[in-house]
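Architecture at a glance
Okay, here's what each chain looks like letter by letter:
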Amino acid sequence: MKKKYRLFFILLLQSFYLNIYCETIKSKKNINLVDNNSEKKVFPFTSIKGNLFFTFGGLKNNKNESIHTTYENKFKIKTSFNKNDNILTIIESGNAFESPLNFDLQSKKGNNLKISTLLYQFKINDNYKGVIGPMMFGYNGLAGKSSLYNERIAILDGSKFTTSSGIGPGLGISRLFKKGLNTSLKISSDNTIIRNETIHLISQIGLSRKNWGGTITSNLNNKFNAYGIATYFVKGNFPSISTSLEIKNEQKLKTSYNWIFALQKKYKNKNFGLAFGTYNNKEKIAYEGWSEIEITDTLKIIPVFFVRETNKNNSELGFAINSKMIY
């Protein structure tokens, strides 16, 4: 009888202990769920995001047909010392040196990782922002929004004249007004040796609102002067409309035009884009269509189709299946 009582007493203690333990774990779990302090950022704060593109595509014209495979690997490193500044470093590699597809998502940096962008953006006060860096593109530091179309995917670019300044040092300032109005002024160089022949003076006036807006941009330098106007509009469930027109006056009294008309729509986990416009300095027309399909949070498939005019009797037909992995 004594053994039975002892056994019953031990089982009772174990059951009581387990109940207390389970309630304690459950209570702690609930406290953690409502603890918002864990989401606060501690400065300086650094985030690293990577994108890896694989491109499998083909090109057909009246002379031959060809298949091409390339990759692009890109790291974006952002460091902030407070909420109002940002050091942006982009490191990339890619082997699309000889790819005639010429997609924007194809890198030609080579197999060794190279820094393609290095700049520091900072807030001066409530109205002014500044940017400075040794390696910048022409569009870095401009406050205006020119388009709702993703020009990073295919071949058409609505601002290739006005934001073309090579990769080099730059210094810029932007002013933000009420109701989305903004202005930007930037001095940049396409060479680490800064002289009159390498300097670009880029200025922009923009209006950035949720449903409509645009920019007026100029790029002045010794090689050419370029002026452009761009607009965008979106309403309800209709696709967004983005347009731009650029004029480039070169030293040899040659005038070139670049323009684009683009539509883009997001539906569930897919993005669709259609556009046509000029794609080179000879003002040849190109037509492109693409879709960005989200498979998982870290994987997207991007099919692209395009037609490019090369002369009056010949056009190039191209396609590509691109995979984008986010890590």
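Use the structure listed above.
Residues numbered from 1 in each chain as written. Predicted model: local features only at pLDDT ≥ 70, side-chain atom pairs only at ≥ 80, totals over all residues. Heavy atoms only, no water.

1. What to know about the side chain of Arg308
Its location among the elements puts Arg308 in strand E15 (residues 299-311). At 2.8 Å, the side chain of Arg308 forms a polar contact with the backbone oxygen of Pro100. Setting aside chain neighbours within four positions, we find Arg308 in contact with Leu59, Pro100, Leu101, Asn102, Ile155, Tyr279, Ile285, Ala286, Ser315 and Glu316. (Helix = DSSP H or I, 4+ residues; strand = E, 2+ residues; numbered from the N terminus. Polar contact = N/O pair within 3.5 Å; in protein donor to acceptor, adjacent residues only side chain to side chain. Contact = heavy atoms within 4.5 Å.)

2. As for the nonpolar core
Phe103, Ile153, Leu156 and Val304 are the most contacted members of the largest nonpolar core, which totals 20 residues. When residues of this core are traced back to their parent elements, those giving at least two are strand E1 (45-60), strand E12 (255-267), strand E14 (285-296) and E15. Per-element tally for this core: the top contributor is E15, with three residues. The contact partners of Leu156, leaving out residues within four places of it in the chain, are Asp104, Glu151, Ile260, Ala275, Phe276, Gly277, Thr278, Tyr279, Ala286 and Glu288. Ranked by size, the runner-up nonpolar core spans five residues in total, among them Leu88, Ile90, Leu119 and Val131. (Core = buried A, V, L, I, M, F, W, Y, C linked by side-chain atoms within 4.5 Å. Buried < 20%, exposed > 50% of the residue type's maximum accessible area, 1.4 Å probe, protein only.)

3. What to know about the pattern of salt bridges
In a structure, side chains of opposite charge can pair up when their charged atoms sit close to one another. All told, the structure shown has nine salt bridges when counted by the stated rule. Lys74 serves as the salt-bridge partner of Glu72, at 3.9 Å between the closest nitrogen and oxygen. The residues Glu72 and Lys74 share a single accessibility class, namely buried. In this structure, Lys300 and Glu292 form a salt bridge, with 3.9 Å as the shortest nitrogen-oxygen distance. The pair Lys300 / Glu292 is uniform in exposure class, with both members buried. Salt bridges linked by common partners bring Glu72, Lys74, Glu92 and Arg152 together as one network. (Salt bridge = Lys/Arg side-chain N within 4 Å of Asp/Glu carboxyl O.)

4. Re a nonpolar patch on the surface
Residues Ile124, Tyr128, Ile173, Leu185, Ile187, Leu201, Leu220 and Tyr227 make up a contiguous nonpolar surface patch of roughly 670 Å² in combined accessible area. For Tyr227, the location among the structural elements is in strand E10 (residues 224-233). Under the relative-accessibility criterion, Tyr227 is labelled partly exposed at 41%. (Patch = residues over 30% accessible without salt bridge, like charges linked within 9 Å, V, L, I, M, F, W, Y side chains within 5 Å. Areas by Shrake-Rupley, 256 points an atom, 1.4 Å probe, with all protein chains shown as cover.)

5. Observations concerning unusual backbone geometry
In this model, Asn102 sits at a positive phi of 60°, which is unusual for a non-glycine residue. Relative to the assigned elements, Asn102 resides in the loop between strand E3 (85-94) and strand E4 (110-123). Accessibility expressed as a relative area gives 39% for Asn102, which makes it partly exposed.

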